[in-house]
Amino acid sequence: MTTTAHLPAPRGVWLRSRLPRPGIVLAALFLLVVAVAAVVPGLLAAQDPLAIGTDPGFLPPFASTAHLLGTDQEGRDVLSRLAHGTAPSLVMGLGATGIAVIGGAVLGLLAGLGSRATEAVVMRVLDVVLAIPELLLALIVIALLGTGTEHALLAVGVATIPYYSRMVRAQTHVVRRSGYVEAATGLGIHQASVIWRHVLPNAIKPVLVLATIGVGTAIAVGASLSFLGLGAQPPAPEWGSMLAAGVQYISVDWMLVAIPAVVITLTVLSVTVLGQDLRRRAEGRTAR
Amino acid sequence: MRAKLLAERIGWRMIAGVGVLWGAATAAFFTLHGTAGDAALSTVAGQGADPTQAVLDQVRRDYGLDLPLWRQYVDYLGQLLHGDLGESYQQRLPVAQAIEAQLGQTVQLAAGAIVIALVLAVGVGVLTAKRRRWVRATTTGVELLLASTPTFVIGLVLLIVFSIGLHLFPVSGQDGLRSLVLPTFTLALPVTAILSQVLRSELEDVLEQPFILTARARGMRDVAVRFRHALRHAAIQLVTMSGYIIGGLLGGTVITESLFNRQGIGQLMLVATTNKDIPLVVGVVIFCALVYVVVNLVVDILYTVIDPRVVTR
């Protein structure tokens, strides 16, 4: 026990540590808007994202009340396309990270709890996979399965499994030596039940915190794949493919590129900021 | 004694590297084997062709697909050792040749990016470590922004500002140095952000060390203390991140080359993926794994030069 625990903290410090920083509040608010757009895109933009209307193309933002963010090369409403493109991006981020965490948990537990030989085999296989850049791994999966949103999601998920496997294994090594696991084992509780009730939840918690940052990365990589023409296919509204279409007209109307680019960046940035804050809190708790 | 330890350490690393390559080759073999039926078919089945069974059998024999699995595996490893990565079935030419033709462009791009990333990261990291609050807040903010912006967005922003807005550089193509500037920075900036983040946090630890205080007490100027004494210690952390750097660059070339319409390994990989040209995809990936292993080995040797303690430890 340290004596400092009994001293009252200076007032300013107390306030600063309890009030979330403005950046974090902004990030959370932005993600709230993004989440609303993903669930009910019609709330933000009433127009059909696919309708090629009578309105002229390349309308600049704020020029018309009907098209707040202007229109694209085919006269479609940019705001609607952005709003409808939100859900695929979030599904990509959450889905790919979900696959990666589940895959990582299975491999990590196998390596962390299995025999020495199992661990060696799993880790050496992971070494091989880690020698290949993530994006190239994703490209292999797409080359084998073909292009498309679902395949891109699977590709991003599979490509990041090794990363999570290593984290889960490292955590498992810590957790399995802890008192409560030994106590549970000593009480004669079945091994599978010890793993499921004690090892897995405790080993996975820090990994989940880092996975929030992974969601942002997955959104970025997913958008990159769409940008390369390997993920969502036009005319489907999706941020990456909107950018890819806009690039062809970059000298005519660079707003078509700038708007989705800003939205993608803000989304990834917000997820990262929140993820880092979560991590800071989690580390603070374990450090104490 | 030191030489022996060093040799031992490098020896082990080489074995590990060969192991990784062997694993990659094995995975490549099974990937190719699983899709080999298509390979045999695609060589004879052009538009509307209807190959007879005899022709198919002939092709299968030509490709050695009638041999037992272990023979095919051994043959494949033998081929790889001779630098034969197989044949692309879209481009009808050896994969090794296709890679060789594109390598120069990508090496130019990647080498430029490494230099820019290291210079910027070291400069920013060294000069901003342990400074006033606002310096720290600004640089970490910019780094966070750059690190979470997807590579292609960075490229597009550079394009909009410097090409469309200021007309300083061409939008795409690859003639001359001017066309290389924007792609190189696109590739370098995300890596720079991560590196300078790591470097600064490492430097902030190092600058607390007693030997820094000693140097300052000798009357050494602050900048000199940072570059001459602190940097060498913090640089070790950069060296351990070489794997990450290579990965970032190799993945980044796919996007950068596509965005700026350049030739190179990344473009080759992208075209191969779109065409489902599995031998070419697998060939490029094996090549990248080889680069990764070799660079890591070289870096490992460098490591012992920068930090002699690792050998004796």
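Residues numbered from 1 in each chain as written. Chains lettered and ligands numbered in written order. Predicted model: local features only at pLDDT ≥ 70, side-chain atom pairs only at ≥ 80, totals over all residues. Heavy atoms only, no water.

A. The overall build of chain A, seen in detail. Counting secondary structure elements, chain A contains 12 helices and 0 strands. Burial statistics for chain A: of 288 residues in total, 47% are counted as buried. Taking the contacts inside chain A whose residues are at least 6 apart along the sequence as the reference set, 70% of them involve residues at least 24 apart. Within the structure as shown, chain A displays about 14,600 Å² of accessible surface, and the carbon and sulfur contribution to it stands at 68%. (Helix = DSSP H or I, 4+ residues; strand = E, 2+ residues; numbered from the N terminus. Buried < 20%, exposed > 50% of the residue type's maximum accessible area, 1.4 Å probe, protein only. Contact = heavy atoms within 4.5 Å. Areas by Shrake-Rupley, 256 points an atom, 1.4 Å probe, with all protein chains shown as cover.)

B. Region of interest: the interface of chain A and chain B. The interface of chain A with chain B comprises 36 residues on the first partner and 34 residues on the second. Both faces considered, chain A and chain B share a buried interface measuring about 3,100 Å² in area, 86% of it formed by carbon and sulfur atoms. Where chain A packs against chain B, one counts 0 salt bridges. Scanning the region where chain A abuts chain B turns up 0 residue pairs in polar contact (both at pLDDT 80 or more). When residues in the side of chain A that touches chain B are grouped by element, the largest group, 10 residues, is from helix α12 (residues 255–287) of chain A. In the side of chain A that touches chain B, the residues fall into 29 nonpolar, 6 polar and 1 charged. (Buried area = accessible area lost by both parts, 1.4 Å probe. Salt bridge = Lys/Arg side-chain N within 4 Å of Asp/Glu carboxyl O. Polar contact = N/O pair within 3.5 Å; in protein donor to acceptor, adjacent residues only side chain to side chain. Nonpolar A, V, L, I, M, F, W, Y, C, P; charged D, E, K, R; others polar.)

C. Spotlight on the confidence of the model for chain A. All names here are of chain A. A residue-level look at chain A finds 81% of positions with pLDDT of 70 or above and a mean pLDDT of 79. Ranking the elements of chain A by mean pLDDT puts helix α1 (residues 11–18) last, at 49, and helix α5 (residues 86–113) first, at 89. Considering only residues more than four positions removed or in separate chains, one finds that residues 12–16, a stretch of pLDDT under 50, has 0 contacts. (pLDDT = per-residue confidence, 0-100.)

D. Representation of the nonpolar core. Counting residues in hydrophobic clusters, the biggest one holds 94 residues, and the most contacted among them are A:L225, A:L243, B:Y76, B:F152, B:L156, B:M269 and B:V284. With 11 residues, helix α13 (residues 278–306) of chain B is the largest single contributor of residues to this core. Counting residues domain by domain, this core receives three or more from each of domain 1 (14–81) and domain 2 (98–312) of chain B. Discounting residues that sit within four places of it in the chain, B:L156 has contacts with A:F227, A:L243, A:V247, A:I250, A:V257 and B:L259. (Core = buried A, V, L, I, M, F, W, Y, C linked by side-chain atoms within 4.5 Å. Domains from an automatic or database assignment.)

E. The arrangement of the domain arrangement of chain B in detail. Residues and elements named next belong to chain B. In terms of domain boundaries, chain B breaks down into domain 1 (14–81) and domain 2 (98–312). In this structure, domain 1 and domain 2 have C-alpha centres spaced 37 Å apart. The partner domain 2 presents 8 residues to the 12 residues of domain 1 that form the contact. Taken together, both faces of the contact between domain 1 and domain 2 bury some 730 Å²; the carbon and sulfur share is 94%. If you sort the residues of domain 1 by the area they bury against domain 2, M14, L21 and L32 come out on top, with a joint share of 47%. On inspection of domain 1 and its partner domain 2, the count reaches 0 salt bridges.

F. Representation of the pattern of salt bridges. Residue and element names in this part refer to chain A. In the structure shown here, the tally under the stated rule is 7 salt bridges over all chains. R280 serves as the salt-bridge partner of D277, at 3.9 Å between the closest nitrogen and oxygen. Taken together, the residues D277 and R280, both in helix α12 and 3 residues apart, mark about one turn of the helix. R281 serves as the salt-bridge partner of D277, at 2.9 Å between the closest nitrogen and oxygen. Note that D277 and R281 are positioned in helix α12 at a spacing of 4 residues, about one turn of the helix. For D277, a relative accessible area of 12% corresponds to the buried category. For R281, a relative accessible area of 48% puts it in the partly exposed group. When salt bridges that share partners are traced, they join R124, D127 and R166 into one network.

G. Spotlight on the packing of aromatic side chains. If you walk through the whole model with that rule in mind, you get 2 aromatic pairs over all chains. Relative to A:Y164, the ring of A:Y163 has its centre 5.1 Å away and its plane inclined at 75°; by these criteria the two rings are edge-to-face. According to the relative accessible area criterion, A:Y163 is partly exposed, its value standing at 43%. With a centroid separation of 4.6 Å and 20° between ring planes, the pair formed by A:F227 and B:F152 is classed as stacked. Here A:F227, found in helix α10 (residues 191–227), pairs with B:F152, found in helix α7 (residues 151–165), and the two come from separate chains. On the accessibility criterion, A:F227 (9% relative accessible area) is buried. B:F152 gets classed as buried once you look at its relative accessible area, which sits at 0%. (Phe/Tyr/Trp six-rings, centres within 6.5 Å; stacked < 30°, edge-to-face > 60°.)

H. Structural view of the environment of A:L145. Locating A:L145 in the fold gives a position in helix α7 (residues 134–145). Judged by its relative accessible area of 39%, A:L145 is partly exposed. Linking A:L145 and A:A155, residues 10 residues apart in sequence, is a C-alpha distance of 9.1 Å. Those residues in contact with A:L145, other than ones at most four positions away along the chain, are A:H151, A:L154 and B:K276.

I. Quick look at the side chain of B:T184. On the secondary structure map, B:T184 appears in helix α8 (residues 178–206). Among residues more than four places away in sequence, those in contact with B:T184 are B:L109, B:G112, B:A113 and B:I116.

J. Layout of the packing of helix α8 (residues 149–175) of chain A against α10(A). Residue and element names in this part refer to chain A. Direction vectors running N to C along α8 and α10 enclose 155°, while the axes themselves pass 9 Å from each other. Classified by the angle between their axes, α8 and α10 sit roughly antiparallel to one another. Relative to α10, the crossing made by α8 is right-handed. When grouped by side-chain class, the residues that make up the contact of α8 with α10 number 16 nonpolar, 6 polar and no charged. (Axes fitted to C-alpha atoms, helices over the stretch in contact; angles between N-to-C directions. Parallel < 35°, antiparallel > 145°, perpendicular 65-115°, else oblique. Left-handed = near helix turned anticlockwise from the far one by under 90°.)

K. Representation of helix α10 (residues 222–240) of chain B. Along its 19 residues, α10(B) runs 26 Å from first to last C-alpha, staying within 8% of the 27 Å computed at 1.5 Å per residue. Along its length, α10(B) shows its largest kink, about 55°, at B:L231. (Expected span 1.5 Å × (residues − 1). Bend = angle between axes of the 7 residues up to and from the residue.)

L. The packing of helix α12 (residues 265–274) of chain B against α13(B), seen in detail. Residue and element names in this part refer to chain B. Packing of α12 against α13 brings their axes to within 8 Å, and their N-to-C directions diverge by 145°. Crossing of α12 over α13 shows left-handed handedness. Each of I265, L268, M269, A272 and T273 in α12 lies in contact with α13, whose residues at this interface are L280, V281, V284 and V285. Looking at side-chain class alone, the contact of α12 with α13 contains 8 nonpolar, 1 polar and no charged residues.

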